[in-house]
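Per-entry structural report
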Amino acid sequence: MRDFSRSHEWLSINTATVRKQWPLDRIIDECAKRGIRAISPWRDQVAEVGLDKIAALLRATSITLSGYCRGGFFPASDAAGLKAAINDNIKAIDEAKTLDAPCLVLVVGSLPGALSGKPVHHDITRARNEVRDGIAASLEYARKVGMPLAIEPLHPMQAAERACVNTLEHALDLCDELDPDETGALGVAVDMYHVWWDPKLQQQITRAGKMRLLAFHVCDWLIPTRDLLNDRGMMGDGVIELQKARGWVEDAGFAGFAEVEIFSGHWWAQPGGDVLDTCIARHRATV
Ligand code: ZN
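Predicted model, so just to flag it, every value in this text is computed and none were measured. (Residues numbered from 1 in each chain as written. Predicted model: local features only at pLDDT ≥ 70, side-chain atom pairs only at ≥ 80, totals over all residues. Heavy atoms only, no water.)

1. A word on the overall build of the protein
- Regarding its fold elements, the protein presents 11 helices and nine strands.
- Relative to the 2.2 N^0.38 estimate, which gives 19 Å for 287 residues, the radius of gyration of the protein is 18 Å and therefore close to what a compact globule would have.
- Overall, the C-alpha framework of the protein stretches about 50 × 45 × 40 Å when taken along its three principal axes.
- Burial status across the protein gives 55% buried among its 287 residues.
- Within the protein, contacts between residues separated by at least 24 positions form 80% of all contacts whose residues are at least 6 apart in sequence.
- For the protein, the exposed area adds up to about 11800 Å²; of that, 52% sits on carbon and sulfur atoms.
- When the 32 basic and 39 acidic side-chain charges of the protein are each reduced to a single mean position, those positions are 2 Å apart. (Helix = DSSP H or I, 4+ residues; strand = E, 2+ residues; numbered from the N terminus. Rg over C-alpha atoms; globule rule 2.2 N^0.38 Å. Buried < 20%, exposed > 50% of the residue type's maximum accessible area, 1.4 Å probe, protein only. Contact = heavy atoms within 4.5 Å. Areas by Shrake-Rupley, 256 points an atom, 1.4 Å probe, with all protein chains shown as cover. Lys, Arg positive; Asp, Glu negative; His and termini not counted. Charge placed at Lys NZ, Arg CZ, Asp CG, Glu CD.)

See the structure below:
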């Protein structure tokens, strides 16, 4: 297992972590200043500054991506909606290519309308079928341009609104179905916040192996958790055994960045520089 205690060369910052403090161009500068070598930006943050400007800034600072957030949200209430979702994913794949991302992260979606509080139906089986078909259609294009897709299973508390794929096992079943030859075109993003509780976690990480493990996201699960979306903890402040899990993904062949992804009202209220400095310190001490 790699020793993270003396350097943060394998730290990546998911830029949602300081999204309330700074626009993306400033985030990139602040990361570069601290020797942080990678980020994972969100599409809206990129669009706010401009895709080409961000691509140029990444080249100028030699900062690479550990992923691009995000594609997905495949289910829809009608055929036009399904088609629009595929088109949007194709656009996201193109953006990821422009930014030279190693993968596009997929938050697959679930009951259409649920995110805005009004699900148009309650049929999660239908949603899961639409997710499978949506990934299959996007994968066709992604293969052509060479952009791996990483399915991120979300904690079951998000099963209605954000993702009807809630375990690593389910995500890997989709990978086996849609990419049976393990070409590297389809894999998973293991976000510890979403999967830490799973009794099959180690087994499924081993099953995933090097070809399917495309991203590794870290933060912590706080006791108590006060908000289902925006109360993620800083590594070391909660109950997730991050080092143990990193050992598992590395044993399985993963050798990429540990990406810190913290949506948190608490951390968004702190000065951005303090947040990044704390991420570096905790990455060394507890990841
Ligand atoms: Zn994540």
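There's plenty left to go through after this.
2. Description of the pairing of strand S7 (residues 186-191)
- Across the six residues of S7, six count as buried, placing the element largely inside the fold.
- The sheet contact formed by strand S6 (residues 149-151) and S7 spans three bridges and is parallel. Note on S7: the bridge partner recorded for Ala150 is Gly187.
- For the crossover from S6 across helix H6 (residues 168-178) to S7, the handedness is right-handed.
- Sheet topology note: the S7/strand S8 (residues 213-218) ladder contains four bridges and is parallel. Bridge pairing in S8 links Asp191 to His217. (Pairing = 2+ DSSP bridges. Right-handed = clockwise from strand over helix to strand, strands pointing away.)

3. What about helix H11 (residues 272-286)?
- Helix length check: H11, at 15 residues, gives a terminal C-alpha distance of 20 Å against a target of 21 Å (1.5 Å per residue), a fit within 8%.
- On its buried face, H11 sits against strand S1 (11-14), helix H1 (24-33), strand S9 (258-260) and helix H10 (265-268). (Expected span 1.5 Å × (residues − 1).)

4. Some remarks on helix H5 (residues 124-145)
- Helix length check: H5, at 22 residues, gives a terminal C-alpha distance of 31 Å against a target of 32 Å (1.5 Å per residue), a fit within 8%.
- The axis of H5 is deflected most strongly, by about 25 degrees, at Leu139.
- The complete set of buried residues in H5 reads Ala127, Glu130, Val131, Gly134, Ile135, Ser138, Leu139 and Ala142.
- Of the residues flanking the end of H5, it is Gly146, one or two places downstream, whose phi is positive at about 75 degrees. (Bend = angle between axes of the 7 residues up to and from the residue.)

5. Observations concerning the environment of Leu172
- If you trace the backbone, Leu172 turns up in helix H6.
- By relative accessible area, Leu172 is classed as buried at 1%.
- When near neighbours in sequence (up to four residues on either side) are disregarded, Leu172 contacts Val188, Gln204, Arg207, Ala208 and Arg212.

6. Some points on the coordination of the zinc ion
- The protein atoms that coordinate the zinc ion are Glu152 (OE), Asp191 (OD), His217 (ND1) and Glu261 (OE), at distances spanning 2.0 to 2.5 Å.
- Its four donor atoms give the zinc ion angles of 82 to 141 degrees at the centre, a pattern that matches the irregular case.
- As a motif over one chain, the donors of the zinc ion read E-x38-D-x25-H-x43-E. With Asp191 in strand S7 and Glu261 in the loop between S9 and H10, the pair connects residues that are 70 residues apart, well separated along the chain. This pair shows no difference in class: Asp191 is buried, exactly as Glu261 is. (Donors = N, O, S within 2.8 Å, 3.2 Å for Na, K, Ca; no water. Tetrahedral: all angles 85-135°; square planar, octahedral: opposite > 155°, others 65-115°.)

7. A word on the sheet that holds S1
- Pairing is parallel in the open sheet, where nine strands are placed in the order S3-S2-S1-S9-S8-S7-S6-S5-S4. A single partner strand is all that each edge strand has here, and the edge strands are strand S3 (64-65) and strand S4 (68-72).
- Looking at chain direction, S8 and S9 are connected through three bridges and run parallel. Residue pairing across strands places His217 opposite Glu259, the latter belonging to S9.
- Across the face of the sheet, helix H8 (residues 201-212) comes into contact with S7 and S8 while running at roughly 115 degrees to S8. (Axes fitted to C-alpha atoms, helices over the stretch in contact; angles between N-to-C directions.)

8. What to know about the packing of aromatic side chains
- According to the stated counting rule, one finds five aromatic pairs in the structure shown.
- Their ring planes at 75 degrees and their centres at 5.9 Å tell us that Trp42 and Phe263 sit as a pair that is edge-to-face. With Trp42 in the loop between strand S2 (38-40) and helix H2 (43-49) and Phe263 in the loop between S9 and H10, the pair connects residues that are 221 residues apart, well separated along the chain. Comparing Trp42 with Phe263 shows no difference in burial state: the two are buried.
- A centroid spacing of 5.8 Å and a plane angle of 45 degrees characterise the contact between Trp196 and Trp221, whose relative ring orientation is tilted. (Phe/Tyr/Trp six-rings, centres within 6.5 Å; stacked < 30°, edge-to-face > 60°.)

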